[in-house]
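Structure assessment
If you want the building blocks of each chain, they are given just below.
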Amino acid sequence: MIPVTRPFSPPFKEYQELLEGIWQRNWFTNNGPLVNDLELKLKRYLRMKHLLYVGNGTIAIQIALKALDISKEVITTPFSYVATTSSLVWEGCTPVFVDIDPDTFNIDPTKIEAAITDNTQAILATHCFGNPCDVEAIKAIADKHGLKVIYDAAHCFGTKYKGETIFKWGDVSTTSFHATKLYHTVEGGALFTEDAEVLKSMAWRRNFGHKGPEDFHGVGINGKNSEFHAAMGVVNLNYIDQILESRKKQSGFYDDMLMKPQIQKPKIASDVEFNHAYYPVVFENHETMLRVKKNLEGKEIFPRRYFHPSLSSLNYVDKSSTPVADDIASRILCLPLYFELSEVEIDMICRRILRVLNN
Ligand SMILES: *Cc1c(COP(=O)(O)O)cnc(C)c1O
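Residues numbered from 1 in each chain as written. Predicted model: local features only at pLDDT ≥ 70, side-chain atom pairs only at ≥ 80, totals over all residues. Heavy atoms only, no water.

Details of the packing of helix H9 (residues 286–297) against helix H11 (residues 343–357)
- Where H9 contacts H11, the two axes come as close as 10 Å, and the packing angle between them is 135 degrees. Between H9 and H11, the angle is such that the two are oblique. Taken as a pair, H9 and H11 cross one another with a handedness that is right-handed. Of the residues in H11, those touching H9 at Thr288, Arg291, Val292, Asn295 and Leu296 are Ile349, Arg352, Ile353, Val356 and Leu357.
- The residue inventory of the contact of H9 with H11, partitioned by class, reads 6 nonpolar, 2 polar and 2 charged. (Axes fitted to C-alpha atoms, helices over the stretch in contact; angles between N-to-C directions. Helix = DSSP H or I, 4+ residues; strand = E, 2+ residues; numbered from the N terminus. Parallel < 35°, antiparallel > 145°, perpendicular 65-115°, else oblique. Left-handed = near helix turned anticlockwise from the far one by under 90°. Contact = heavy atoms within 4.5 Å. Nonpolar A, V, L, I, M, F, W, Y, C, P; charged D, E, K, R; others polar.)

This is the structure:
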């Protein structure tokens, strides 16, 4: 069986060694030494001054919205994982969908201004599949209209823009370290900001609002993560270069075989160092996509329809028209991509796809 992804599993012994330390200290959670160590190592790796390690990538978005005091309309993308929209609605915000760019699958900055109203407070955009949004255009619009920007950078570990981590962009960037992501801590996520005040606010909100044992800054939530999760993060960080390198190679094999006019891939800007988090391919029409999917599934190969349906069609949002996202969502498949996936397997997957296209 070839799934669309598999969690990276480091050598068990390396994880076990850290578990022994957790047992000896009998310190399981609440800002323990491994959480601190992971935050430090991540800051060093990403070359960022600040970050907060949290329970998952969804609570990260929720904490960012709370810390930036956002509760009204938020302009967002219809083409992302459901958590981008559901966290907005969960926080009482109203998602306002702006369609995506047909080449990058990211929110189309040229369509943002038309969606701004007196109630608009922020833009929440996803760097889809790890490919950065047009962050400069979005910043210019946000600055002009006094809006906050939050990036759902759940796919972006390892992606750089103009030589620096993409997590630097936005008032706040969030990411996910879920087991299906390229770098993971089983469950987990992080918040990034360069603003000291916002950082402070997010830090206490992550910990129930505590100011001291019996004193509170305000309303908080449990956004913490444990020593067990941090341990996985510390071990996996030793393999991040290998992980990024193997995905680049695997994507190259796919590229070599799937360079066909009938197959569209997202356009990556030239000043981007892409992390190859996913391998999305868009077919000419819905029917061809379904035929490819069915053919692969017949061989126990399971690509995923990321992202389908488009989020503007969820039953808890106001209906809005996003024809580009709907169209891409109807034709896209993410092909298998994970550490152990071999060249032989990629070759087999591509041959099957090409056979369907040539029939
Ligand atoms: C995975 C993902 C999330 C959610 O992250 P969790 O850590 O699973 O909560 C949010 N947004 C996007 C785009 C994702 O891919």
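Examining empty space enclosed by the protein
- Summed over the entire model, instances satisfying the criterion amount to 2 cavities of 30 Å³ or more.
- Along its surface, the largest cavity is lined by Thr5, Arg6, Pro7, Phe8, Ala179, Thr180, Lys181, Leu182, Ile243, Arg247, Tyr338 and Phe339.
- For the lining of the largest cavity, the per-class residue count stands at 7 nonpolar, 2 polar and 3 charged.
- When its volume is computed, the second largest cavity comes out at roughly 60 Å³.
- Lining the second largest cavity we find 13 residues, and of these Ala154, His155, Lys181, Leu182 and Ala277 sit closest to its centre. (1 Å grid on protein atoms, 1.4 Å probe; cavity = no way out; pocket = protein on both sides within 12 Å on 5 of 7 lines; lining within 4 Å. Points joined across faces, edges and corners; volume = space filled by probe spheres on them.)

A short note on the packing of helix H8 (residues 240–258) against H11
- Orientation of H8 relative to H11, taken along the N-to-C sense of each, is 30 degrees, at an axis distance of 10 Å. Between H8 and H11, the angle falls in the class roughly parallel. The element H8 and its partner H11 pack so that their crossing is right-handed. Between H8 and H11, the contacting residues are Gln250, Phe253, Tyr254, Met257 and Leu258 on the first element and Glu343, Ile346, Asp347, Ile349, Cys350, Arg351, Ile353 and Leu354 on the second.
- In terms of residue class, the contact of H8 with H11 is built from 9 nonpolar, 1 polar and 3 charged.

As for the domain arrangement of the chain
- Domain assignment breaks the chain into domain 1 (12–237) and domain 2 (241–358).
- On a C-alpha basis, the centres of domain 1 and domain 2 stand 25 Å from each other.
- On the side of domain 2, 36 residues touch domain 1, which itself brings 35 residues to the contact.
- Sorting the residues of domain 1 by area buried against domain 2 places Phe105, Phe129 and Leu182 first, and these three jointly supply 23% of that buried surface.
- Linking domain 1 with domain 2 are 0 salt bridges, by the criterion used here.
- Scanning the region where domain 1 abuts domain 2 turns up 11 residue pairs in polar contact (both at pLDDT 80 or more).
- When residues of the side of domain 1 that touches domain 2 are traced back to their parent elements, those giving at least two are helix H4 (82–90), strand S3 (94–97) and strand S6 (160–161).
- It is H4 that provides the largest number of residues to the side of domain 1 that touches domain 2, a total of 4 residues.
- Among the residues forming the side of domain 1 that touches domain 2, the class breakdown is 18 nonpolar, 10 polar and 7 charged. (Domains from an automatic or database assignment. Buried area = accessible area lost by both parts, 1.4 Å probe. Salt bridge = Lys/Arg side-chain N within 4 Å of Asp/Glu carboxyl O. Polar contact = N/O pair within 3.5 Å; in protein donor to acceptor, adjacent residues only side chain to side chain.)

Brief notes about the pairing of strand S13 (residues 279–282)
- Of the two faces of S13, the one carrying Tyr279 and Val281 and the one carrying Pro280 and Val282 are both buried.
- As paired elements, S13 and strand S14 (residues 332–335) share 4 bridges and run antiparallel to each other. The residue of S14 that forms the bridge with Val281 is Leu333. (Buried < 20%, exposed > 50% of the residue type's maximum accessible area, 1.4 Å probe, protein only. Pairing = 2+ DSSP bridges.)

Observations regarding the site of the ligand
- In the vicinity of the ligand lie 15 residues, with Thr58, Asp152, His155, Ser176 and Lys181 positioned nearest.
- Gly57 is positioned with one of its backbone polar atoms (N or O) 2.7 Å from an oxygen atom of the ligand.
- Lys181 places a polar side-chain atom, nitrogen or oxygen, 3.1 Å from an oxygen atom of the ligand.
- Starting from 380 Å² of accessible surface for the ligand in isolation, the protein chains cover 92%.
- Among the secondary structure elements, those contributing two or more residues to the shell around the ligand are helix H3 (57–67) and H4.
- Along the lines of polarity and charge, the residues of the shell around the ligand split into 3 nonpolar, 10 polar and 2 charged. (Near = heavy atom within 4 Å. Areas by Shrake-Rupley, 256 points an atom, 1.4 Å probe, with all protein chains shown as cover.)

Comments concerning helix H6 (residues 196–206)
- Among all positions of H6, only Val198, Leu199, Ser201, Met202, Trp204, Arg205 and Arg206 are buried.
- In this structure, the buried side of H6 is in contact with helix H2 (33–46), strand S1 (52–54), H3, strand S8 (172–176), strand S9 (189–192) and strand S10 (210–212).
- A side-chain oxygen of the first residue of H6 lies 2.9 Å from the backbone nitrogen of Glu197; this N-cap is Asp195.

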